[in-house]
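Read off the chains here:
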Amino acid sequence: MSNSKYNGLNHAEVSASRLKHGINVLTPPKRDPLWKLFLEKFNDPIIRILLVAALLSLGISFIHQEFAETIGIFCAIFLSIGIAFWFETDARKKFDLLNQVNDDNPVKVVRDGNICEIPKKDIVVDDIVLLEAGEEIPADGQLIEAVSLQVNESTLTGEPVTSKTTNPEHFDKEATYASDMIMRGTTIVDGHCIMKVTAVGDHTEFGKVARKAAEVTGEETPLESQLQGLAKLIGAVGFSLAILTFAILFFKDIFASSVHYSLRQLGLLASVMLGLMVAFSKIWIPIVYDGIGLLKKNIKVPGIVNNRGWLVWISFGAIVFLILCGVAYLFGVNPLDSNSWISIDTAERILQYFMVAVTLIVVAVPEGLPMSVTLSLALSMRRMLQTNNLVRKMHACETMGATTVICTDKTGTLTKNQMQVSQTKFYALSNQELTNSEISKLITEGIAANSTAYLDFSDQKKVKTLGNPTEAALLLWLHTKGINYLELRENIQTVNQLTFSTERKYMATLVDSSVHHKRILYVKGAPEIVFAKCTRILTETGLEDAKLFAPALEKQLSEYQNQAMRTLGFAYSEIESTASDEDIKSLVERNLVFLGVVAISDPVREDVPAAVAQCLTAGIQVKIVTGDTPGTAREIGRQIGIWTTEDNEINIITGPDFAALSDAEALDRVMNLKIMCRARPTDKQRLVQLLQQKGAIVAVTGDGTNDAPALNYAQVGLSMGSGTSVAKEASDITLLDDSFNSIATAVMWGRSLYKNIQRFLIFQLTINVSALIIVFLGSLFGHELPLTVTQMLWVNLIMDTFAAGALASLPPDPNVMRDKPRKNSDFIITPGMRSNILFTAACFVVLLIALLYFLTDHSGNIDIRNLSRFFTVFVLLQFWNLFNAKAFNTGQSAFHNINKCMGLLATSSLILIGQILIVTFGGEAFRTVPLSMMDWLVIIGSTSFVLWIGELIRLIRRKADCIN
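Let me begin by describing the structure that accompanies this report.

### A look at the pairing of strand S18 (residues 566-574)
Where burial is concerned, most of S18 is hidden: seven out of the nine residues are buried. As paired strands, S18 and strand S19 (residues 592-601) are joined by seven bridges and run antiparallel to one another. Within S19, the residue paired with Ala571 across the bridge is Phe594.

Given below as structure tokens:
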């Protein structure tokens, strides 16, 4: 096919342009390789503490040749990391399938004077591209020709319909992009055009936003921040207790034993210990600084500690030791003389004290916590998928629960992104109902004939619109009235048609009517333009003077516009046979009869007001960020419930005005803003970053490329399943049903998940605190807890893993939406949790020490049967406390909704069955012997008081709350 007007580029020019400006392909966001994704899991703060504990435990294991505890800790680490890695890679695979982009779509271009089709990726700068309605614009370009051109720019600006023209007189000065420019990723909804490509690939506006969306923000999630705080606390407490225990045992041995040590022996021993302290500075100095940081002291670990490697610090330690030995030599102490050193027996005792101290650190670390967090997040990922939330990044599940501000776009998120007839005002229609009357047929035929849009009924559940959205809305209206527009259109003969243009602002079609058997001219367009061409108006009583209705029409149009509706006016005229050959433009200028107006809007989704109200009740601010006009945005805000009669100009701002504010001025306004209109991508991103500076946890929703930078910079980015690939790539969660209601559901899941993690902490730390105290007291008084390493492995790892699964599987609680968002600075262990943990652990310690005393015979020994009983009592105390943890802070009984907690029941049953099997068949490996049925009944019954006391306390509190 040839084209005489444009020659386009030749082969050589195409190659030169591609070499200079690049190809029309977006550089995909850099994806971390799988090995790096796996290693990133080691950045978890609790995992880091576990690694230190595992390495220290490994050193002791080589001395004792007992590796069970060390193997258990490494299993906990790799199991937790493995689960997190598997779930995130699985989500990434699902996302990649959802987000496939086709760069091979054919595009019509002019090359060497011929019109041909080439793949989108082969377009270059200066290509001449021909585009029609329904096609996606493949690159940025300047219009050469434009006929009735309307573009859907919602992917870049949020505007579903924007008029484009080459006539400077009709340029929109307030438009985000110039009226003679069209952008990659937007879609032509009406008309056709020819453009000259000005930018391709990454240099397009679409590509620039995509690059911004791929930037690494380094934003820390609330859960990560709070786990950092917990890790610091655990490290500081464990380290402090370990140092205290070692110091007491060491000084007791030095000063309270029968063995006497010379000053030279103590001096050389001190030089060894100081050398070791320097060598291990990378371990204890950060822990000390973390402990000071818990006291709200704003200090940082010295750079010399973080920046120097292990080899350097070990060398420093050796140098310190040698220097001290040299100083000792000057004072007459010979380090090469064996008599100057302590005996081998004393060295072994000191090493034993060190191992006790390390054991305290190992016991302090909650091995099951990473598993609990991982399982909770992983289960939430899977369950949220069932509620149409595809989670890509695991921590986003929980971060949604901490959200304090949601910045949402309008089109496609709050609204249906499908124009619909909202109200009609046809003056001749009684009650605005279509019947078989001549007037009704005149109106329906005019709508069907004077249109270029179509409806796609391929999916009976959801009718798709093709062409101009406002025209399609009229066809949808006919469809809802049971009228087949296509049948009407096919039964008439179109004589001539004048398509809509931004210059004329109306469309006219001349037809031979099959209904009225006359030649009729149908006109529709901007009501004020169409009405100005009318001399009469058709009412229920007949034809009347149009001028008499002008004030009422103006009032009606003002009401519609205040409700953010687009309006169309309709008119017609019967054409005499003598005038049928006249130009259609001249026919429009005389004898038109006004029929009425139709108000069209992009309606708010039915479930949005309730979902927004739920978020507001939960203490979450909802802010609209849109490219639409202030009037439209304000009306949508009113409909969804965030804009009230008390709001004023301080609560709304345009993008250009926001950009003109200094950071200090903007910071003062961001929390009060409810609506940002005429927003550009950078405006939305800046809003998010300023809100974060104010301490807000920000979630951003969006479906367009314009939303991508803000999606990327927010703590949680929520893209729409029908959105652009760039938006989905920048997001953390994809809403497969495009529903704002799914956001409220995600918040509920996130808050419930956080509560489940807190419940596990109550359960886990109660075990750890009680074990810490018993080991500490045992080391001071010369007795150790009669539990083997293998038994402790079962208690600290396997049982806790089961408990993690049990508490992680608890169903979400809708009541959490009545709470206000927690502060980002809040510690994960609340005062109520702390009291519960310490009180319960203290009770367990007293009970277990008393039981030890009771089971010990007169010679101070405990036989293996009593040891098996003690082991079982220890486990079952924790078993019953699991149900107390489930009910913590709910105000309900532990048995409330127990039928919905099948995971808890199944897992707790596994713990009980596992304990029976271990005691019965564990033998030497677990140092147990089988217990009788009576033993089991007595132990199960007696330890259950832990649950019954908890139930009694909860009942008393409920009664007290009712009285108050």
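### Re the packing of helix H7 (residues 263-279) against helix H10 (residues 310-330)
Packing of H7 against H10 brings their axes to within 7 Å, and their N-to-C directions diverge by 160°. Relative to H10, H7 is oriented roughly antiparallel. When the axes of H7 and H10 are compared, the crossing they make is right-handed. Residues Leu268, Ser271, Val272, Leu274, Gly275, Val278 and Ala279 of H7 pack against Trp310, Trp313, Ile314, Phe316, Gly317, Val320, Phe321, Leu324, Cys325 and Ala328 of H10. Class assignment for the residues of the contact of H7 with H10 results in 14 nonpolar, three polar and no charged.

### Considering helix H24 (residues 681-693)
The end-to-end C-alpha distance of H24 is 19 Å, a good match for the 18 Å that 13 residues give at a rise of 1.5 Å each. One or two steps after H24, the chain reaches Gly695, where phi turns positive at roughly 90°.

### As for unusual backbone geometry
For Asn591, which is not glycine, the phi torsion reads 60° and is therefore positive. Summarising the element assignment, Asn591 is placed in the loop between helix H19 (584-588) and S19. For Asn591, a relative accessible area of 48% corresponds to the partly exposed category. At Asn889, a position not held by glycine, the phi torsion is positive, near 65°. Residue classification places Asn889 among the exposed residues on the basis of a relative accessible area of 61%.

### So, the nonpolar core
Counting 63 residues, the largest nonpolar core has Met400, Ile640, Leu718, Ile733, Phe740 and Ile828 as the members making the most contacts within it. Per-element tally for this core: the top contributor is helix H27 (residues 741-781), with 14 residues. Discounting residues that sit within four places of it in the chain, Phe740 has contacts with Ile406, Thr408, Thr413, Leu414, Val608, Ala611, Val612, Cys615 and Val622. Grouped together as the second largest cluster of nonpolar side chains are 42 residues, Val875, Leu904, Leu931 and Val946 included.

### Some words on a nonpolar patch on the surface
Taken together, the side chains of Ile304, Val312, Phe316, Ile319, Ile323, Val327, Leu330 and Phe331 present a nonpolar region at the surface, about 780 Å² in accessible area. Counting residues per element, the nonpolar patch draws most heavily on H10, which supplies six residues. You can see Val312 is positioned in helix H10. Given a relative accessible area of 31%, Val312 falls into the partly exposed group.

### Digging into the pairing of strand S20 (residues 621-625)
The buried count for S20 comes to four of five residues, which makes it a mostly enclosed element. Where strand S9 (residues 405-408) meets S20, four bridges bridge the pair, whose relative direction is parallel. Looking at S20, one finds that Thr408 is bridged to Ile624. Across two bridges, S20 lies against strand S22 (residues 675-677) in parallel orientation. Bridging from a neighbouring strand, Val625 pairs with Met676 of S22.

Here is what the cut-offs are and how they apply
- The numbers attached to residues start from 1 for each chain and follow its sequence in the written order.
- It should be noted that, the model being predicted, local features are given only for residues of pLDDT at least 70 and side-chain atom pairs only at 80 or more, the latter also being counted only at that level, while totals for whole chains, interfaces and linings use all residues.
- The side-chain quantities take in all heavy atoms of the structure and omit both hydrogens and water.
- Each residue's exposure class comes from its accessible area (1.4 Å probe, protein chains only) as a fraction of the maximum for that residue type: buried when under 20%, exposed when over 50%, partly exposed otherwise.
- To qualify as a helix, a DSSP run of H or I must reach at least 4 residues; to qualify as a strand, a run of E must reach at least 2; elements of each kind are numbered from the N terminus.
- A pair of strands is labelled paired if DSSP reports no fewer than 2 bridges between them.
- A fitted line through C-alpha atoms represents every axis, and for helices the fit uses only the stretch in contact; the resulting angles, taken between N-to-C directions, go from 0 to 180 degrees.
- Relative orientations are named as follows: roughly parallel for angles under 35 degrees, roughly antiparallel for angles over 145 degrees, roughly perpendicular for angles from 65 to 115 degrees, and oblique for any other angle.
- Less than a right angle of anticlockwise turn of the near helix away from the far helix marks a crossing as left-handed, whereas a clockwise turn marks it as right-handed.
- When checking whether two residues touch, look at their non-hydrogen atoms; a contact exists if any pair is within 4.5 Å.
- In the scheme used here, Gly and all other residues not listed as nonpolar or charged are polar, with Ala, Val, Leu, Ile, Met, Phe, Trp, Tyr, Cys and Pro taken as nonpolar and Asp, Glu, Lys and Arg as charged.
- Expected helix span is taken as 1.5 Å per residue step, with the number of steps being one fewer than the number of residues.
- In this description, a nonpolar core means a group of buried Ala, Val, Leu, Ile, Met, Phe, Trp, Tyr and Cys residues linked to one another through side-chain atoms lying within 4.5 Å.
- A patch is a set of surface residues, each over 30% in relative accessible area and not in a salt bridge, joined within 9 Å for like charges and within 5 Å for the nonpolar side chains Val, Leu, Ile, Met, Phe, Trp and Tyr.
- Per-residue and other accessible areas were derived by the Shrake-Rupley procedure at a 1.4 Å probe size, with only the shown protein chains allowed to occlude residues.
- The rule for a salt bridge is simple: a side-chain nitrogen of Lys or Arg has to be within 4 Å of a carboxyl oxygen of Asp or Glu.

All quantities given are derived from atomic positions and should not be read as evidence of function.
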